[in-house]
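So the chains spell out like this:
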Amino acid sequence: MSFNNKTALELGQMIKNREISSVELTRAFIDNIEKTDKDINAFITVDAEGALKTAEDVQARIDAGEHLSALAGVPMAIKDNICTKGMLTSCGSKMLYNFKPPYNATVADRLYSAGAVVLGKLNMDEFAMGGSTETSYFGAARNPWDTERVTGGSSGGSAASVASGEAVYSLGSDTGGSIRQPCSFCGVSGIKPTYGAVSRYGLVAFASSLDQIGPIGRDIKDCAQVLSIISGHDAKDSTSIKTASLDFGGCFEGDIKGMTIGVPVNYFGDGLDEDVKEPVLKAIDTFKSLGANITELEIKITDYAIPTYYVLACAEASSNLSRYDGIKYGYRRKDCENLLDVYYTSRSDAFGMEVKRRIMLGSFVLSSGYYDAYYNKALKVRRLIKNSFDDAFEKCDMIISPVAPTVAYKIGENSSDPLKMYLGDIYTVSVNLAGIPGVSIPCGFGANNMPVGMQLIGKSFSEPKLVKAAAAFQNATDFHKMQNKYMKGGRA
Ligand code: GLN
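Residues numbered from 1 in each chain as written. Predicted model: local features only at pLDDT ≥ 70, side-chain atom pairs only at ≥ 80, totals over all residues. Heavy atoms only, no water.

(A) Seen up close, the environment of Ser173. In this structure, Ser173 sits in strand 4 (residues 169-174). Note on Ser173: relative accessible area 2%, which makes it buried. Expressed as a C-alpha distance, the spacing of Ser173 and Ile82, which sit 91 residues apart in the sequence, is 8.5 Å. With residues near it in sequence (within four places) discarded, Ser173 still touches Lys79, Asn81, Ala128, Ser155, Ser178, Ile179, Leu203, Gln212 and Ile213. (Helix = DSSP H or I, 4+ residues; strand = E, 2+ residues; numbered from the N terminus. Buried < 20%, exposed > 50% of the residue type's maximum accessible area, 1.4 Å probe, protein only. Contact = heavy atoms within 4.5 Å.)

Below you can see the structure in the form of structure tokens.
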């Protein structure tokens, strides 16, 4: 039996109805990973034994009449920068090639309590720095729609595992677009939550003021369900906001008549490929036909989002990554002469090129002579970006935009040109700078039949509204159901 055309909520319901058991389902997914992942490389670790053991436990609890959650017993997987007790958490880096955390991230704990079956850990750009999953120490992940092409990143493994049918849903992290952009490249749905809505406890830090964990799924309803499980205050994270979990009751049905959607016209100009622009413009028409009001606006300041983001993200990264000294975690160079030599050679050996570039950039913008000119200036622009989003949300309920300027490109095509890679983040980074939520869902196909996504952006804690609009779009269209050859079983 193929489970590839079923969502996590549907599979959860089938388990509840005793149509399948969690063990049966988990075994089917493990078999599928064995067949498929040599082509996709979405997984860094597959924990078949652990997953089957969890599935047995969860099934026993369900059989005993316990209600764990709507997703109990459904197999999923987690990005490799989220700590899982006793299970390798490498961050896609040689630096953490042997790091098995002694504790679970809060999100992992919450998922386990909800009956999630964790299949393993997912490939990513090294320390989540990148937009293609090519900087992983464990090799590039490959796009299930065309294995010559990138998955996007940095949560490339998270998006590809769902798109290829290797996991029903997954967790990713998003510092500047790392959930939304791979969702667009792989034709799946994802949510970057409001900053502070999901605990970062146990998420290996890249840029702490921007990082958020979020869900990736086959449709927006699955993502919302996962988000309702992982969100909500956590005393272990001082930036976690003191609110209850996000509640999506009533968001999956009903219409969006009277909702106002803003179109930032400056997002649709130079730099956006025609084959991406067209499906996003068509999506705007679909929203109009569903009863939404469309209003044009300009958010000019976001033209400065890329330099602002790269100054701040690199500054925070250079500080966060100073803990990897060859002593406390992971890799250590043997046969060193003295302590300084341990630091120096361990870091030189175990960090990749992109990580080193960012540590250097970050150290530079934080250095005493340049702090004001770069770091302080970037903080001020960040505030202006936040203010202009606040202004925009006076005029509309949410904003629609492309997710990325292109469809997924060929592996290797951009890897020698970091600036070009950074420019691919133009539509996503301002959302993290402002701390607001963004949703990415498929809305069509571009060149070479590669998927194209659209982004819906709202004010803080407007996730239910964004999900309502996204669900209305998915109820009216089929883009999220168009499967690639792996999902169709072509290779299986
Ligand atoms: N592509 C962006 C970067 O390289 C975003 C990464 C992310 O969101 N983790 O910084």
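(B) Seen up close, the side chain of Thr308. Of note, Thr308 is situated in helix 9 (residues 305-320). Take Thr308: its relative accessible area is 4%, and that puts it in the buried class.

(C) Here's a closer look at the environment of Gly362. Residue position: Gly362 is located in helix 11 (residues 353-366). We classify Gly362 as buried; its relative accessible area is 0%. Distance from Gly362 to Ser319, taken between C-alpha atoms, is 7.9 Å for residues 43 residues apart in sequence. Here Gly362 is in contact with Cys314, Ala315 and Ser318, once residues within four sequence places are set aside.

(D) A look at the pattern of salt bridges. Scanning the model with the defined rule gives 18 salt bridges in all. Of the charged contacts, one joins Lys257 and Asp255 as a salt bridge, the two residues approaching to 3.7 Å between their closest N and O atoms. Glu354 is the salt-bridge partner of Arg358, the closest N and O atoms lying 2.8 Å from each other. Remark: Glu354 and Arg358 occur in helix 11; sequence separation between them is 4 residues, near one turn of the helix. The exposure classification of Arg358 matches that of Glu354, with both residues buried. What you see here is one network of salt bridges that share partners, running through Glu354, Arg357 and Arg358. (Salt bridge = Lys/Arg side-chain N within 4 Å of Asp/Glu carboxyl O.)

(E) Spotlight on the site of the ligand. Taken together, 14 residues are adjacent to the ligand, and Thr175, Gly176, Ser178, Tyr309 and Arg358 come closest. In this structure, Arg358 approaches the ligand through a side-chain N or O atom, which is 2.8 Å from an oxygen atom. Relative to its free-state accessible area of 290 Å², the ligand is covered by the protein chains to the extent of 99%. Per-class residue counts for the shell around the ligand are 5 nonpolar, 6 polar and 3 charged. (Near = heavy atom within 4 Å. Polar contact = N/O pair within 3.5 Å; in protein donor to acceptor, adjacent residues only side chain to side chain. Areas by Shrake-Rupley, 256 points an atom, 1.4 Å probe, with all protein chains shown as cover. Nonpolar A, V, L, I, M, F, W, Y, C, P; charged D, E, K, R; others polar.)

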